[in-house]
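# Residue-level structure breakdown
In case you want the letters, here they are:
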Amino acid sequence: MSLRQLTVAETGVQAEKLRQGPTALGFWIYLMTDLILFASLFATYIVLLHGTYGGPSGKDIFDMPFVLAETIILLTSSFVCGLTMIALRKANKQLVLVGLGVTFALGAAFLALELYEFTNLVIDGHSWQASAYLSAFFTLVGTHGAHIAVGLLWILVIAWQVFRRGFTKGVVRRLTSFSLFWHFLDLVWIFIFTIVYLMGVI
Amino acid sequence: MTKSKSTHVYSIVPAITGYVLALSLTLTAYFVVVNHWYSDFWAMVVIFALAITQLIVQLVFFLHFGKESRPRWNLTAFWFMLIFLIIIVAGSIWIMNSLNYNMMQMTPEQMDLYMQDQSGAGF
């Protein structure tokens with residue numbers, strides 16, 4: 001992989017070529033298999049919905065305004081990531097770095113809120129050991145959180161590369177794949193928000 | 001060909017449209033549930049429909065779904081995944097509900113007794 005800086009025009013063309021190329025397809029197929037993993041966890045969650053073993057169900061433990069805040073933060077992070085991809089096509093290095101920074105900050109805020117929620121649940125004695133329902137809850141939401149954590153690490157690595165190398169072929173490829181990953185995580189969260197939280201309190 | 005397409009797809013207007021739509025769908029679903037606008041059954045139906053709508057909105061506006069040139073392998077992979085997803089989720093719910101029904105929904109105490117009874121029998 002050459003470390004040559006691409007020109008402004010080349011960066012846009014490269015981004016478009018990558019979006020249609022084999023790397024993007026391969027990454028997309030990874031995302032589809034990851035969705036099957038999430039589908040299994042959703043199925044497990046729904047099946048174990050009533051396995052509360054006399055303990056709390058979703059209604060008793062969910063703080064809805066808190067979850068709405070999490071949802072809006074993650075959605076905004078996904079939106080800013082989309083704006084960053086527009087800045088990439090204009091090869092605007094500063095704007096891409098700012099975009100990645102904001103995406104990271106919002107993603108980190110989301111993860112912090114989720115960990116805060118988890119900590120409070122465990123302190124109240126509603127840990128994953130309390131019931132089958134809570135095991136399924138922590139596994140599903142925690143797996144999503146783990147993906148977010150990996151995404152945050154990925155942002156740091158890419159931002160560093162953009163900062164040091166500018167837009168090389170490899171950096172543009174990683175940015176393109178990352179944006180797919182980040183939008184995908186927001187898609188999964190819509191269903192966690194709907195099926196776990198909203199349907200949990202109905 | 002791809003160039004004119006890319007300038008069309010990657011501009012700020014569709015991004016903002018997608019964001020505003022997604023945000024309003026999220027808020028609608030939230031208030032439907034929190035303010036009890038519908039009966040429980042209809043609330044479930046409405047928020048699930050809103051989630052599917054938001055899925056489509058984000059696929060189109062954020063992931064530029066279906067905007068690739070042919071032969072559209074992304075789309076093929078997506079439909080393939082969707083079939084698996086439906087089989088896994090619907091199948092699990094169906095089978096486990098049927099099992100629960102046939103086990104007549106024991107209470108935790110009954111389950112403890114049942115498991116103690118069965119503990120010598122190959123578990």
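Since we're looking at a predicted model, the values are computed, not measured.

### Section: the packing of helix α5 (residues 93–123) of chain A against helix α6 (residues 132–165) of chain A
Residues and elements named next belong to chain A. It is the contact of α5 with α6, at a shortest axis distance of 9 Å, that shows an interaxial angle of 155°. It follows that α5 is roughly antiparallel to α6 by the angle criterion. Crossing angle aside, the handedness with which α5 passes α6 is left-handed. For the contact of α5 with α6, the class distribution of residues is 22 nonpolar, 5 polar and 3 charged.

### Quick look at the layout of surface pockets
Unoccupied space between atoms shows up once a probe the size of one water molecule is rolled over them. Its volume calculated, the largest pocket comes out at about 910 Å³. Forming the boundary of the largest pocket are 39 residues, of which Phe42, Ile46, Phe191 and Ile195 of chain A together with Phe48 of chain B lie nearest the centre. Breaking the lining of the largest pocket down by element, the ones donating at least two residues are α2 (22–47), α3 (58–61) and α7 (169–201) of chain A together with α3 (40–61) and α4 (73–103) of chain B. If one sorts the elements of the lining of the largest pocket by residue count, α2 of chain A sits on top with 9 residues.

### Comments concerning the environment of Val157 of chain A
Topologically, Val157 of chain A is positioned in helix α6. For the pair Val157 of chain A and Leu95 of chain A, spaced 62 residues apart in sequence, the C-alpha separation works out to 17 Å.

### Section: helix α1 (residues 8–20) of chain A
Spanning 13 residues, α1 of chain A covers 19 Å between terminal C-alpha atoms, matching the ideal 18 Å at 1.5 Å per step. Of all the residues in α1 of chain A, the buried ones are Thr11, Gly12, Gln14, Ala15, Glu16, Leu18 and Arg19 of chain A.

### Description of a nonpolar patch on the surface
Residues and elements named next belong to chain B. Taken together, Phe31, Trp37, Tyr38, Phe41, Trp42, Met44 and Val45 make up a surface patch of nonpolar side chains, about 740 Å² in accessible area. Among the elements that line the nonpolar patch, the one with the most residues is α3, at 4 residues. Position of Val45 among the secondary structure elements: in helix α3.

### Side note on empty space enclosed by the protein
For the structure on display, the rule yields 5 cavities of 30 Å³ or more. Looking at the largest cavity, its volume works out to about 340 Å³. Lining the largest cavity are 28 residues, with Arg19 and Leu180 of chain A together with Tyr10, Leu63 and His64 of chain B sitting closest to its centre. If you list the elements that add at least two residues to the lining of the largest cavity, you get α2, α4 (64–89) and α7 of chain A together with α2 (12–34) and α4 of chain B. Broken down by element, the lining of the largest cavity gets its largest block of residues, 6 residues, from α4 of chain A. When its residues are assigned to classes, the lining of the largest cavity shows 15 nonpolar, 9 polar and 4 charged.

### Let's talk about the interface of chain A and chain B
At the junction of the two partners, chain A supplies 43 residues and chain B supplies 49 residues. Together, the buried faces of chain A and chain B total about 4,300 Å²; carbon and sulfur atoms form 81% of this surface. Run the count over chain A and chain B and you get 0 salt bridges. Summed over the shared surface of chain A and chain B, the number is 3 residue pairs in polar contact (both at pLDDT 80 or more). Sorting elements by how many residues they give to the side of chain A that touches chain B places α4 of chain A first, with 13 residues. When its residues are assigned to classes, the side of chain A that touches chain B shows 31 nonpolar, 8 polar and 4 charged.

### Points about the side chain of Thr194 of chain A
By the secondary structure assignment, Thr194 of chain A is in helix α7. On the accessibility criterion, Thr194 of chain A (2% relative accessible area) is buried. Leave out the neighbours within four places in its chain, and Thr194 of chain A touches Met199 of chain A together with Ile47, Phe48 and Ala51 of chain B.

### A short note on unusual backbone geometry
Even without being a glycine, Tyr53 of chain A presents a positive backbone phi close to 50°. Residue placement: Tyr53 of chain A occurs in the loop between α2 and α3. The phi dihedral of His64 of chain B is positive, around 50°, even though this residue is not glycine. Within the fold, His64 of chain B resides in the loop between α3 and α4.

Definitions and cut-offs
Residues numbered from 1 in each chain as written. Chains lettered and ligands numbered in written order. Predicted model: local features only at pLDDT ≥ 70, side-chain atom pairs only at ≥ 80, totals over all residues. Heavy atoms only, no water. Axes fitted to C-alpha atoms, helices over the stretch in contact; angles between N-to-C directions. Helix = DSSP H or I, 4+ residues; strand = E, 2+ residues; numbered from the N terminus. Parallel < 35°, antiparallel > 145°, perpendicular 65-115°, else oblique. Left-handed = near helix turned anticlockwise from the far one by under 90°. Nonpolar A, V, L, I, M, F, W, Y, C, P; charged D, E, K, R; others polar. 1 Å grid on protein atoms, 1.4 Å probe; cavity = no way out; pocket = protein on both sides within 12 Å on 5 of 7 lines; lining within 4 Å. Points joined across faces, edges and corners; volume = space filled by probe spheres on them. Expected span 1.5 Å × (residues − 1). Buried < 20%, exposed > 50% of the residue type's maximum accessible area, 1.4 Å probe, protein only. Patch = residues over 30% accessible without salt bridge, like charges linked within 9 Å, V, L, I, M, F, W, Y side chains within 5 Å. Areas by Shrake-Rupley, 256 points an atom, 1.4 Å probe, with all protein chains shown as cover. Salt bridge = Lys/Arg side-chain N within 4 Å of Asp/Glu carboxyl O. Contact = heavy atoms within 4.5 Å. Buried area = accessible area lost by both parts, 1.4 Å probe. Polar contact = N/O pair within 3.5 Å; in protein donor to acceptor, adjacent residues only side chain to side chain.

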